[in-house]
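Coordinate inspection notes
This is what each chain is made of:
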Amino acid sequence: MKAIVLEKLDPASPLAVTEAAVPDIAADEVLVKTHALAINPVDVKTLEDYIVTRDGERMRGSAAPVFDGVSPIILGWDIAGVVTAVGSDVTKFKVGDAVFGMVHFPGHGKAYAEYVAAPASHLALKPAQVSFEAAAGATLAAITAWQSLTTHYTVKPGDRILITAPTGGVGHYAVQMAKHLGAYIIALTSPANAALAAELGADEILEYASFDAATAAPLQLDLVLDAGGRNAASWFARHLKPGAPLIYLPSGLSKAEQERNAAQGLNAAFKMVTNEERAIDDIARLLHDGSIVTKIAGVFEFSEMKAAFSAQQKGSAQGKIIIRMPVSA
């Protein structure tokens, strides 16, 4: 099969397509012939073993630690495709089913490949009217947003929610989901993204350059979903209702930051997405009924993975960057 195989994590890798063996499946897995993949900031950060320094504390802000001592490596977690084989214990799917999901995050998903062995619990049926490209996008980013709004915090109708980076991979799903759940959404974004944020469902638009958090009237927020990571928790403090959470997504928080936040009475925490069967099944329902759609920033061929990484690395994509897999018998 075609795959992108690395001997080790290396940001200089050409991410070239090569040949690899089709994976075997376990009793609880299915074999998926991939039609589309999605990439995320964490894919790029993992390849380069991204290091973030906060308060002098160096943190590996990606899934790279999973691959310590592992070789060969096939990166990637987000897939959409068709089931070609079913493990003996699987009853959820049958051969020929179109499926999508996030595979083994943050473990070794091995998604950058023509065939992927995936636990059935990591996948959902793809709605018929949703393209493989759109379904592939609605995986890691969409689950991150959904878990933030329904697991880490339970959105209630009328909640006032501030979402940063509201047109990015996670953010553009979060705005739509929060609207679906009945929230009043305040989007903090740039002028170039303001129109899309409103189109996605934001009720109010604030711009990074002109909004002065220190002097503006308090926003009385029930939740901040910080998908952008530009500001420390204290920047939002006077706009949060007492005890209201600030969910921070881009990377971890240093021990010093956690201590400062606690001392200031801020309910701020870094949250990482996890595989959850209920979540991916919920995403399938949201896609099916049109409550969310995937905004596609660009589609690249599998052989253009390096260019796709470069596009993701710019950090300005509206929505998701998608990889189209080669069509073969």
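Higher on the page you've got the structure.
Keep in mind that this is a model prediction, so the values were computed, not measured.

1. Focus: the overall build of the protein chain
Across its full length, the protein chain holds 9 helices and 17 strands. Here the C-alpha atoms of the protein chain give a radius of gyration of 20 Å, agreeing with the 20 Å that 2.2 N^0.38 yields for 329 residues. Taken over 329 residues, the protein chain has a buried fraction of 52%. The long-range fraction of contacts in the protein chain, counting pairs at least 24 apart against all pairs at least 6 apart in sequence, stands at 68%. Split by element, the accessible area of the protein chain, about 13600 Å² in all, is 53% carbon and sulfur. Charge separation in the protein chain, taken as the distance between the mean sites of 27 positive and 34 negative side-chain charges, equals 3 Å.

2. Here's the deal with the packing of helix H3 (residues 140-150) against helix H8 (residues 277-288)
Relative to each other, H3 and H8 sit at 100°, their axes nearing to 10 Å. Accordingly, the angle class assigned to the pair H3 and H8 is roughly perpendicular. Where H3 abuts H8, its residues Ala142, Ile143, Trp146 and Gln147 lie against Ala279, Ile280, Asp282, Ile283 and Leu286. Looking at the contact of H3 with H8 residue by residue, the class counts come to 7 nonpolar, 1 polar and 1 charged.

3. Brief notes about the sheet that holds strand S13 (residues 223-226)
Pairing between the strands of a sheet is mediated by backbone hydrogen bonds and can be parallel or antiparallel. The sheet built from 6 strands is open, its strands ordered S12-S11-S10-S13-S14-S15 with parallel pairing. With one partner strand each, in any of the chains shown, strand S12 (204-207) and strand S15 (267-270) form the two edges of the open sheet. If you compare each strand with its neighbour and ignore which way they point, the axes differ by 15° on average. In this structure, S13 lies alongside strand S14 (residues 245-248), joined through 3 bridges in parallel fashion. Pairing of Val224 across the sheet is with Leu246, part of S14. Where helix H4 (residues 169-180) meets the sheet, it contacts strand S10 (160-164), strand S11 (184-189) and S13, and its direction lies at approximately 165° from that of S10.

4. Focus: empty space enclosed by the protein
The probe, sized like a water molecule, is rolled over the atoms to show the empty space still left. Considering all chains together, one arrives at 1 cavity of 30 Å³ or more under this definition. Volume-wise, the largest cavity comes out at about 30 Å³. For the largest cavity, the full set of lining residues is Thr164, Leu188, Tyr208, Asp226, Gly228, Gly229, Arg230, Asn231 and Phe236. Within the lining of the largest cavity, the residues separate by chemical class into 3 nonpolar, 4 polar and 2 charged.

5. Let's talk about the layout of surface pockets
Estimates place the volume of the largest pocket at around 1200 Å³. Considering the residues around the largest pocket, the lining is formed by 45 residues, among which Pro41, Lys45, Ala227, Pro250 and Gln312 are closest to the centre. The set of elements that each furnish at least two residues to the lining of the largest pocket consists of helix H1 (41-47), H3, H4, helix H9 (305-313) and strand S17 (320-324). Considering each element in turn, the lining of the largest pocket owes the most residues, 4 residues, to H1.

6. Re the nonpolar core
Ranked by internal contacts, the top residues of the largest apolar core, which has 90 residues, are Phe100, Tyr112, Leu123, Leu149, Met177, Ile283 and Met305. Ignoring any residue separated from it by four or fewer positions in sequence, one finds Met177 in contact with Ala142, Ala145, Trp146, Leu149, Ile283, Leu286 and Ile292.

7. Overview of unusual backbone geometry
Note that the residue after Ser71, namely Pro72, is joined by a cis bond; omega there is 0°. With a phi close to 55°, Asp55 is a non-glycine residue in the positive phi region. Checked against the element boundaries, Asp55 lands in the loop between strand S4 (51-54) and strand S5 (57-60).

8. So, the pattern of salt bridges
Counted by the stated rule, this structure contains 16 salt bridges. Between Lys2 and Glu19 there is a salt bridge, with its nearest N and O atoms 2.7 Å apart. Taken together, the residues span a long stretch of sequence, with Lys2 in strand S1 (residues 2-3) and Glu19 in strand S2 (residues 18-19) at a distance of 17 residues. The partly exposed category is assigned to Lys2, whose relative accessible area is 36%. A salt bridge links Lys92 to Glu277; the nearest nitrogen and oxygen atoms lie 3.0 Å apart. Taken together, the positions of Lys92 in the loop between strand S6 (78-86) and strand S7 (98-102) and Glu277 in helix H8 put the pair 185 residues apart, joining distant regions of the chain. Exposure remark for Lys92: the relative accessible area of 29% places this residue in the partly exposed category. Looking at Glu277, the relative accessible area reads 36%, which means it is partly exposed.

9. Overview of the packing of aromatic side chains
As enumerated under the stated definition, the model contains 4 aromatic pairs in all. An angle of 80° between the planes, with centres 5.0 Å apart, marks the rings of Trp77 and Phe105 as edge-to-face. Taken together, the residues Trp77 in the loop between S5 and S6 and Phe105 in the loop between S7 and strand S8 (115-119) connect sequence positions 28 residues apart. A ring pair is formed by Phe211 and Trp235, whose centres lie 5.9 Å apart and whose planes are at 70°; its orientation type is edge-to-face. In this pair, Phe211 is assigned in the loop between S12 and S13 and Trp235 in helix H6 (residues 233-236), connecting sequence segments 24 residues apart. When its relative accessible area of 14% is taken as the criterion, Phe211 is described as buried. Among the residues examined, Trp235 registers a relative accessible area of 26% and is labelled partly exposed. Cluster of aromatic residues (ring-pair linked, three or more members): Phe211, Trp235 and Phe236. Sitting over the face of the ring of Phe132, Lys126 holds its NZ or CZ atom 4.8 Å from the ring centroid. Sitting over the ring of Tyr208, Arg230 keeps its end group 3.7 Å from the ring centre.

The rules behind each value
Residues numbered from 1 in each chain as written. Predicted model: local features only at pLDDT ≥ 70, side-chain atom pairs only at ≥ 80, totals over all residues. Heavy atoms only, no water. Helix = DSSP H or I, 4+ residues; strand = E, 2+ residues; numbered from the N terminus. Rg over C-alpha atoms; globule rule 2.2 N^0.38 Å. Buried < 20%, exposed > 50% of the residue type's maximum accessible area, 1.4 Å probe, protein only. Contact = heavy atoms within 4.5 Å. Areas by Shrake-Rupley, 256 points an atom, 1.4 Å probe, with all protein chains shown as cover. Lys, Arg positive; Asp, Glu negative; His and termini not counted. Charge placed at Lys NZ, Arg CZ, Asp CG, Glu CD. Axes fitted to C-alpha atoms, helices over the stretch in contact; angles between N-to-C directions. Parallel < 35°, antiparallel > 145°, perpendicular 65-115°, else oblique. Nonpolar A, V, L, I, M, F, W, Y, C, P; charged D, E, K, R; others polar. Pairing = 2+ DSSP bridges. 1 Å grid on protein atoms, 1.4 Å probe; cavity = no way out; pocket = protein on both sides within 12 Å on 5 of 7 lines; lining within 4 Å. Points joined across faces, edges and corners; volume = space filled by probe spheres on them. Core = buried A, V, L, I, M, F, W, Y, C linked by side-chain atoms within 4.5 Å. Salt bridge = Lys/Arg side-chain N within 4 Å of Asp/Glu carboxyl O. Phe/Tyr/Trp six-rings, centres within 6.5 Å; stacked < 30°, edge-to-face > 60°. Lys NZ or Arg CZ within 6 Å of the ring centre and 35° of its normal.

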